[in-house]
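An overview of the molecular structure
Take a look at the letters that make up each chain.
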Amino acid sequence: MRKTIEQQELLDIRDLSVDEITNYLETHDEPGYRAAQIYQWLWKYGVTSFDEMTNLPKKLRNQLQKDFGILTMTADVVQKSLDGTVKFRFVLKDGHKIESVLIPVPGDNRYTVCVSSQVGCSLACEFCATGQMKRERNLSASEIYEQVFKVNQHCQAHFGHPLTNIVYMGMGEPLLSYRNVKRSIELINSDEGMNMATWRITISTAGIAKIIRKIADDNLQCKLALSLHAALDHKRDLIMPINKNDKIEDLMEALQYYYDTTRHKITYEYILFHEFNDTEEDADALARLSRQFPVTVNLLEYNPVAGVTLTKSSEERFDYFIKMMADRQIPVTVRRSRGKDIDAACGQLANKN
Ligand code: SF4
């Protein structure tokens, strides 16, 4: 359901920084310390109306009500997988829909949310359901934050545990919405927000060399994962069109800079596709890229997407690839799919219901 024009035109107070709220308060003869109070209500407690800000004078609450909205999103579909994974579809203030996924692993005390950064995606990776959708727009920092906040509430209510990890690996390419992604991480990390350590946050990118360097310079302190999926340019060109702009060598130079600047280990995500990127030649190429700086290599099972001809490597080829990497002294971790039955696994997010 689309919101009314009046609601859309109301400025969302959550798009304002603390400094901007302080300036607003000054123009209304209110003390600056109220900005921190307002910020806490918005980000720590997630209130949806100014009336809930009970430590503000009534006059100020009325003024805020006149000047701003708190335009929150709602989950219209929540689906639970047989393996416990939960997929949320959120309706945004302009009616667009996005998805987030909660991956609980109670045995390891690990509760991860996978968040979206854009509505749709422009990068059109061959194997990805989101890539088949048109990119509509970037998500604002508050829209990214709110996914985390709402999924955290669900996690606490249903699993009795807060989120432990956040991955920017849902719909969209986070580095194409970098300003908002960065601000959302600052909010998640802040005392007024969720106070969550940045090392619990991973940004996963298809590979935009220029922004990888910027993340290093900005000292974001979060983890970085590269969706590599092919270690040879002629193969990566076929499945990830972004590779035609930023070749593997450009990415390696940017990652080297990232490592030299941050000293953070980088993760390569590598989906194994049957007889496409699971050969000896591919293992050689992946091993070579894995020796340049410290990396963790994550091998992933492919999750089928309608209309895609690539298929997942057979069990035998998957196991043989692990062996080939071991023979080359490259340790790997294997990530099995979660939430396949509800289209919540990696690469499957496409607002299907
Ligand atoms: S894999 Fe990521 S970057 Fe590629 S199309 Fe899907 S959402 Fe976009």
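These numbers were taken from a predicted model, which means no experiment stands behind them.

1. Some details on the site of the ligand
Residues in close proximity to the ligand include Cys-121, Leu-123, Ala-124, Cys-125, Cys-128, Thr-130, Gly-131, Gly-172 and Ala-206, which together make up its full environment. Looking at side-chain class alone, the shell around the ligand contains six nonpolar, three polar and no charged residues.

2. Quick notes on the environment of Leu-255
Position of Leu-255 relative to the elements: it lies in helix H9 (residues 248–262). A C-alpha to C-alpha distance of 12 Å links Leu-255 and Arg-291, two positions 36 residues apart in sequence. Residues within four places of Leu-255 in sequence aside, it is in contact with Ile-212, Leu-224, Leu-226, Ile-266, Tyr-268 and Phe-293.

3. Considerations on the domain arrangement of the chain
Frequently, the measure chosen for interface size is the accessible area removed from exposure when the parts meet. Structurally, the chain comprises domain 1 (5–69) and domain 2 (74–342). For domain 1 and domain 2, the distance between their C-alpha centres works out to 34 Å. With 13 residues of domain 1 in contact, the opposing surface of domain 2 contributes eleven residues. A combined buried area of about 1100 Å² lies between domain 1 and domain 2, and 50% of that area is made up of carbon and sulfur atoms. Taken as a group, Arg-14, Trp-43 and Lys-44 account for 51% of the area that domain 1 buries against domain 2, more than any other trio of residues on that side. For the interface between domain 1 and domain 2, the tally reads three salt bridges. Taking the shortest distance from any N to any O, the salt bridge between Asp-12 and Lys-93 comes out at 3.6 Å. The interface formed by domain 1 and domain 2 contains eight residue pairs in polar contact (both at pLDDT 80 or more).

4. Concerning unusual backbone geometry
A negative phi holds for most residues other than glycine; trans holds for most peptide bonds. Phi at Asp-29 takes a positive value of approximately 55°, unusual for a residue other than glycine. Mapped onto the fold, Asp-29 is located in the loop between helix H2 (18–27) and helix H3 (34–43). Not every positive phi belongs to a glycine, and Arg-263 is a case in point at roughly 65°. You can see Arg-263 is positioned in the loop between H9 and strand S12 (266–271). For Arg-263, a relative accessible area of 54% translates into the label exposed.

5. Digging into the UniProt feature "binding site: [4Fe-4S] cluster" (unreviewed entry) in the chain
The feature "binding site: [4Fe-4S] cluster" (unreviewed entry), as given by UniProt, occupies Cys-121, Cys-125 and Cys-128 in the numbering adopted here. Within the secondary structure, Cys-125 is located in the loop between strand S7 (118–119) and strand S8 (137–138). The residue Cys-128 is located in the loop between S7 and S8 in this model. For Cys-128, a relative accessible area of 14% gives the class buried. Setting aside chain neighbours within four positions, we find Cys-128 in contact with Val-305 and Gly-347.

6. As for the confidence of the model for the chain
Considering every residue of the chain, the mean pLDDT works out to 93; 97% of them sit at 70 or more. Low pLDDT, under 50, characterises residues 1–8; the predicted model gives this stretch eight contacts beyond four residues in sequence or across chains.

7. A short note on helix H11 (residues 315–327)
In a regular helix each residue adds 1.5 Å, so 13 residues correspond to 18 Å; H11 covers 18 Å between its end C-alpha atoms and thus fits that length. The complete set of buried residues in H11 reads Phe-318, Phe-321, Met-324 and Met-325. The buried side chains of H11 occupy one side of the element, clustering within an arc of 120° when seen end-on. Against S12, helix H10 (280–289), strand S13 (295–300) and strand S14 (332–335) lie the buried residues of H11. Residue Gln-329 follows H11 closely and has a positive phi angle near 60°.

8. Notes on the sheet that holds strand S11 (residues 223–227)
Adjacent strands of a sheet form backbone hydrogen bonds with each other and so pair up, either parallel or antiparallel. The sheet built from ten strands is open, its strands ordered S3-S4-S5-S6-S9-S10-S11-S12-S13-S14 with mixed pairing. Only two strands of the sheet have a single neighbouring strand rather than two, namely strand S3 (74–80) and S14. Pairwise comparison of adjacent strand axes, ignoring direction, gives a mean angle of 25° for this sheet. For S11 and S12, the ladder comprises four bridges, and the chain directions are parallel.

9. Some remarks on the pairing of S3
Residues in a regular strand point their side chains to alternate faces of the sheet. With six bridges connecting them, S3 and strand S4 (residues 86–91) associate as antiparallel partners. The residue bridging Val-78 from the neighbouring strand is Phe-88, located in S4. Here S3 folds back onto S4, and the loop between the two strands holds five residues, one of which, Gly-84, carries a positive phi near 100°.

10. Re the packing of aromatic side chains
Tallied over the full model, the rule gives eleven aromatic pairs. On the basis of an interplanar angle of 70° and a centroid distance of 6.4 Å, the ring pair of Phe-273 and Phe-276 is categorised as edge-to-face. Of the residues examined, Phe-273 reaches a relative accessible area of 0% and is grouped as buried. Chaining the aromatic ring pairs together yields one cluster made of Tyr-39, Trp-43, Tyr-145 and Phe-149. Its end group placed over the ring of Tyr-257, Arg-213 keeps NZ or CZ at 5.9 Å from the ring centre. Sitting above the plane of the Phe-276 ring, Lys-235 keeps its charged end 5.8 Å from the centroid.

11. Looking at the UniProt feature "active site" (unreviewed entry) in the chain
With numbering aligned to this structure, UniProt lists the feature "active site" (unreviewed entry) at Glu-99 and Cys-346. The largest pairwise C-alpha distance within this set of annotated residues, which runs over 248 residues, is 11.8 Å, so the set is compact in three dimensions. Following the sequence through the fold, Glu-99 ends up in strand S5 (residues 97–105). You can call Glu-99 buried: its relative accessible area is 0%. Mapping Cys-346 onto the fold places it in the segment after S14.

Conventions adopted
- Residues numbered from 1 in each chain as written.
- Predicted model: local features only at pLDDT ≥ 70, side-chain atom pairs only at ≥ 80, totals over all residues.
- Heavy atoms only, no water.
- Near = heavy atom within 4 Å.
- Nonpolar A, V, L, I, M, F, W, Y, C, P; charged D, E, K, R; others polar.
- Helix = DSSP H or I, 4+ residues; strand = E, 2+ residues; numbered from the N terminus.
- Contact = heavy atoms within 4.5 Å.
- Domains from an automatic or database assignment.
- Buried area = accessible area lost by both parts, 1.4 Å probe.
- Salt bridge = Lys/Arg side-chain N within 4 Å of Asp/Glu carboxyl O.
- Polar contact = N/O pair within 3.5 Å; in protein donor to acceptor, adjacent residues only side chain to side chain.
- Buried < 20%, exposed > 50% of the residue type's maximum accessible area, 1.4 Å probe, protein only.
- UniProt positions renumbered as here; feature names shortened; annotations may be inferred.
- pLDDT = per-residue confidence, 0-100.
- Expected span 1.5 Å × (residues − 1).
- Arc of directions from axis to C-beta.
- Pairing = 2+ DSSP bridges.
- Axes fitted to C-alpha atoms, helices over the stretch in contact; angles between N-to-C directions.
- Phe/Tyr/Trp six-rings, centres within 6.5 Å; stacked < 30°, edge-to-face > 60°.
- Lys NZ or Arg CZ within 6 Å of the ring centre and 35° of its normal.

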